[in-house]
Structure formats: C-alpha cells, structure tokens
Amino acid sequence: MCDDPLLPETVARALTDYRDLRDQHGVCWGEEPLSYVVQAWATVFLDRSHDYWATGMRQLAERLPGASEDEIDDRMGEVDVDRVVRDALGGEALTSLPALRLRPSAVTLEARARVVLGDEPGRTWLLLDSSRDEPVTVLVDGDAYEVPPRGAKIVGVRREVVADGAPVDLAPLTRRAEAAAVRLRAGFPCRWSVTSAGGQGWYPEGAPPKVDGHGRAYFHGDDLVVAVPAEPITVTVTRGMEYAESEVALTPAAGGETLVELTPERLYDAAAHGWYGGDMHVHLNWMGEEPAAPGLAAAAQHGEDLHVLNLVAGNVASARVYDREALEHWLGRDLPWSDGRHLARIGVEYRNDLVGHVGAFGLRGLPERFHTGFSGDADWPPNAVACEKLHEMGAVLGYGHPFHLPVSDTDPPEAAVRRGRNCSAREIVADAALGLIDTLDVLNHSSISATAAVYRRLIGAGNRLTVTAGTDAVLSFCHRGTSSGPPGWERVYARVDGPLTAESFAEAILMGRTFATTGPWLDLTVNGHAPGDTLDLAPGEHVEITVTSVGPEVETLEIRTADGVVAQGPPGRLTATLTAGEPTYVVAVATGGPHPRSFHGSGAYAHTSPVYLNVAGTRVARPEDVRWCLDWLDRLEEVLRESGVFATKDQYDDHVALYDRARQVYRARLG
C-alpha cells in the first residue's frame, strides 16, 4: 500500500500505465490520429512562429487535388506530420531538433549546440530531412529508419547515426561546459526560470523540462538546487499573475553552489479583498512527453499562488478516460495539498467534438458517461442529457475553449457554426436557454474575441451566464505552447463570502460575481453594485458606471452594454453615465497588445460578468440577439445533418427536439 497521500495506489498504477503508453507509442500515447492528436505531436517541436495548420493544409491540397477547403480541414489527421514539421520550420534547425540533411550527393548535420554537463550522452530528437528522389535508410542507435523520397522522419538519438554507410559526427549537437550549481530561494513557492545562452533551460533534478507559452523554461518550488554551466545565466522568478517578475544575471563559479535570493513584487492581493482566482480547465494527463503525478499539480498550484485549481478527467480520442482513477479516489473531496488559500478539486471534461466540451467543477458523483462521438460512436445523446445529470451531482458547468474562428460583434451565427468536428461549443445556445449550463470560458486558449462576441449575444438574448476562464493546460506536456504552460495563466476571479471552499467558490460563480483575465485586475461598479447584481430602474433613471484596472499590460478600457461600446479610454479609470431606456446589461473589458505577462497570442484581455439593468420590471432580451440565437439553432440543425454521426434517425431527432425546446424559450422572450 502506498503511503504517499498525493499518490494513492490506484493513481500510481494509472501513472505506470501512462508511462508504458508513452514509451510504446510516443507523445500521443497510441490515441487515434484525430487532427488535434496529430497536431499535438507536431507542436512539441513548433511554436507560434511556425504555421502548422497552413503547412498541413498545403500538403493535403497537393495530395488531394480538387478537394474543398472543408474536406481538407476534415482530413488534417491524415497529414505526414514529420514532413509538416520539416516544412513549417522552413530550413530552421532548432536546439531541440537538429537536422540531418540527406542531400543527393552529401549528408550534413545542422545543429545549434546544446550545452551539457558531465560525460553522459544526452538524448535528443533528430530530423532526418531528405531531398533525394529515392528512399534512404539511416541507422540511429542501431535501428533502421527509412525516409521516403523528399520526405522527413523525426527520431530520437543518443549515441550514433550512420547514413550512406558512414558514421555521422554528432559532436556539433553538444558543447561541454564546466558544472556549477545555484540554490534558488524566495521564501515561498514560486515559478522559476533559469536560462543560459540561446535560451537553453536548466531544471532541478527530477523536474520535467517544461516551457511556457513564450517558449521559456520554467519549474516551481522554493529553496531548490539547479545544476548549471559555469557560464552567464539568467534567473527569473514570479508567482502567477498577481506578481511581477524579478530577474538577476550572474556567472556561477565552477564546482561551487551560488545562493540566489530573489523575491517577486506583488502587484495586487485579490484574496485580501475576498476575490479568489481559479483555472477551471486543467488536465493532469492527456498525452504528452512526461506523464504527470498529482505532486506536479500541487507544486504548480502553490508556485503560481493559484487559489482554485479544477483538474479534469477526460478522454482524448478513444474510450480511455485519463485520471479517472484520481477522480474516483478524491471524488467530492479537496485534494490533499489544499489549504485555506488554495483549493484543488478534480472534476470532468465531458467531450463531444461536434457540439462542444463541458467542464464540471464541484462534482459529487461519478458520471456514467464521459463522452460521445468517438471511435465510431454516435453523437448521442445531446450534451444536455449529461448536463442535467452533472447538475444533479452538484457540478457547476461551463463550456471550455468555445470558439476557434474569428467572430465579430456583427457577424451572423454562420461565422461560428460551421461544419466539421472542431470542438466548438455549438450546443451552448440551446443549453443556456434551458438553464442547463452556468458559465462560458470567455478566456481560453483559442479565440477570446470570438468567444466574447458570442457571450455578449447570449446574455443580450436573456441568458444568465457567468464569465469564467480555463487554460486547458496539460501538465503531462512539456513543450506545446500554452498547453505546457503553467495552470492559471488565465483565471476567473470570483468574489467569495467567507472562507474559500468548493461550495463558496461555486456559489460566487453561480451568482455571477466574477471577471476573467490574462493578468490585469478589472473592477466594475454600477451605482456601487458589482458583477452579478441586478438593478431595478425606472425609465429615464441615471446610473454611474466606474471601471478601474491594475496591470502594466492594459492599453484600453471599455464599458459595454447590449447596444455595444458606450465608453472607451486609457487604463486606470473610466467612468460613464447611462440613462435607463430598454433593459440591458453592463460589462467592462480591458485589452492590450502582446505582453510578457500574457501568454495568449492575441495579447492581454479581461472581461467582467454583467451587472444587469432591469427597467420597469423587465429583464434584458434584446430582440436582435434573440433572433441571432434562433438563427444559430437553425444553422446548428444543418451542421448536425452534415457532420453528425447517428445510428438512427431518432438520435438526430433528439437533438432537434432539444433545439425546439430552446426555440420556445427564445420566442417567448420576443413576446
């Protein structure tokens, strides 16, 4: 029996199984090659500067002449992924991926030397890149790999490579350096980054070699010893979005240990004012380079000072549900590293790639079903069925990573509701009308602006939904953009009455007392009332609106109602006076360009939940937004007919019946 409270026996066995899957199948753990599974492998090597999707689309267009863009998009799981990586790199050789160029008359190794300490050969990935018109076989550590004509293959190498019958000199892959050590101390758990020339990262023994959304190495803890070269290095420390970064450059002495005491400056203290920040969508294990134990989540949560962590169990592309064992063991209980300031729970991501993924927080029962529509299963029943049962089990429910395509405030629903299985939250328009969903992750790893535009349509149409945030960080990934970044790089802050508990945090979310952010603090009051409140006004009555922000990344503040932007200004403080006419809502938005504190590619962003303004006893239900939702449901029926998988017509009809129930609600709001 295991004595580690963070690693009970069933969870330890599952972790062993995950390592076996990784060792046998690689990064994707043997999952079916859906488009995002294949992309996961490619993006271990590529970052934002390398356009994986466009490169893959071009490759398939060459292979499938005459195919439409939609058909090509549907078949992105069929790309030659190693060749896509090669082509997306455009001839660039990375420190993490040197290239062996197999030219018609020569073999050359292109590499950025990686600094190593000691004499042990280090394993690295190697891109075999052929420009020859015939297949070529390369021996790597004694194993034969055939590279197709003008093709590519990525392999792991430790000791030797033989090409064209001759050994390849691997000396350019590494550069030996004298060893030193640094001891890192802040006085409390933090996120650290230790880098040397070229951005190479250095880690404590046993820490996974993780990089964040900016490609920078990081790890968590305090009073840690890190082996480093006796060369110039940079040490950076921070602690999540409530802190700034502190940095020091030094050259540690060879053979010795240098103490680095560094403390990040606090920008704001949300918990001191009753606000607690949470990440509602984090995976412990979901493919990746290094299966993650619960202790890694504990270190990350405390190192980021993330008040609430919602780990979710879920499948990838098959029936296997990762971290189900942890869910069963800790169901309905705080995880062992929780304390008065940090709360961790494990819930569920209920997944259907056609109508959306639903996250559950505060779950008190074990679901009978975790997903639909995978491995040939039907897209049935509708998500609404799962939502009803999860609500019965006490869960707060929200759609995650909702929308991926550009959608503006004036676009019709067709801009978001397109054919294909792209994990968009298509069913939310029905579920929101029927009270089956509580939140929307307006802040997510995909399109924040598109999700915000849809969100404002939904609340303008009379739906009461809370703004939340979910990063979809995956602790088992080490190098995959924001997925391998720290949990909590986006957060939903909720104003909690009394001590922080799962129940008090859930209540604050359900009451709408939230804002979501990539870093900035954002405060909204309407006549002194905060998000989640409702003001009952008489026609012609005036209200005073005040928005304040904290954070160096903010460039613009906005005050919005159902009719659009009513005031805009620079960061710090923005005010406006509004005269009550039609029922409406008020939200605040803060934006800014790319910034080191923001890991999202679009830059800094924060968005509040609404303050609702009832007028003459009537709630907001803007006819334009209600009709927009009705048009959405019409389009959704078409998408299911085009892209859905159903065993019987009755299964499709169940979806249509759900939409008809929602239509009745929306039509009643038109009055």
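Structure shown above.
1. Overview of the packing of aromatic side chains
Consideration 1: Taken as a whole and assessed by the stated rule, the structure comprises 22 aromatic pairs.
Consideration 2: With a centroid separation of 5.6 Å and 55° between ring planes, the pair formed by Trp275 and Phe515 is classed as tilted. Separated by 240 residues along the polypeptide, Trp275 in strand β19 (residues 275-283) and Phe515 in strand β29 (residues 514-517) bring together distant segments of the chain.
Consideration 3: Classification of Trp275 by relative accessible area gives buried; the value is 9%.
Consideration 4: Joined through ring pairs, the aromatic side chains of Tyr268, Trp275, Tyr493, Phe515 and Trp521 make up one cluster.

2. Side note on the pattern of salt bridges
Consideration 1: All chains considered together, the criterion is met by 48 salt bridges.
Consideration 2: A salt bridge links Asp634 to Arg663, with the nearest nitrogen and oxygen atoms 2.9 Å apart. Here Arg663 lies in helix α13 (residues 649-670) and Asp634 lies in helix α12 (residues 623-643), a separation of 29 residues in the sequence.
Consideration 3: For Arg663, a relative accessible area of 5% gives the class buried.

3. Describing the side chain of Ser193
Consideration 1: Position of Ser193 relative to the elements: it lies in strand β12 (residues 190-195).
Consideration 2: A distance of 2.8 Å separates a polar side-chain atom of Ser193 from the backbone oxygen of Ala217.
Consideration 3: Excluding residues within four positions of it along the chain, Ser193 makes contact with Arg216, Ala217, Tyr218, Thr234, Val235 and Thr236.

4. Looking at empty space enclosed by the protein
Consideration 1: One pass over the structure, following the stated rule, counts four cavities of 30 Å³ or more.
Consideration 2: The volume enclosed by the largest cavity comes to roughly 140 Å³.
Consideration 3: Considering the residues around the largest cavity, the lining is formed by 19 residues, among which Met280, Gly359, Ala360, Gly398 and Asp441 are closest to the centre.
Consideration 4: When contributions to the lining of the largest cavity are tallied by element, the ones reaching two or more residues are β19, β20 (308-315), β23 (356-361), β24 (396-399) and β25 (439-443).
Consideration 5: Ranked by residues supplied to the lining of the largest cavity, first place goes to β23 with five residues.
Consideration 6: In terms of residue class, the lining of the largest cavity is built from eight nonpolar, nine polar and two charged.

What counts and what doesn't
- Residues numbered from 1 in each chain as written.
- Predicted model: local features only at pLDDT ≥ 70, side-chain atom pairs only at ≥ 80, totals over all residues.
- Heavy atoms only, no water.
- Phe/Tyr/Trp six-rings, centres within 6.5 Å; stacked < 30°, edge-to-face > 60°.
- Helix = DSSP H or I, 4+ residues; strand = E, 2+ residues; numbered from the N terminus.
- Buried < 20%, exposed > 50% of the residue type's maximum accessible area, 1.4 Å probe, protein only.
- Salt bridge = Lys/Arg side-chain N within 4 Å of Asp/Glu carboxyl O.
- Polar contact = N/O pair within 3.5 Å; in protein donor to acceptor, adjacent residues only side chain to side chain.
- Contact = heavy atoms within 4.5 Å.
- 1 Å grid on protein atoms, 1.4 Å probe; cavity = no way out; pocket = protein on both sides within 12 Å on 5 of 7 lines; lining within 4 Å.
- Points joined across faces, edges and corners; volume = space filled by probe spheres on them.
- Nonpolar A, V, L, I, M, F, W, Y, C, P; charged D, E, K, R; others polar.

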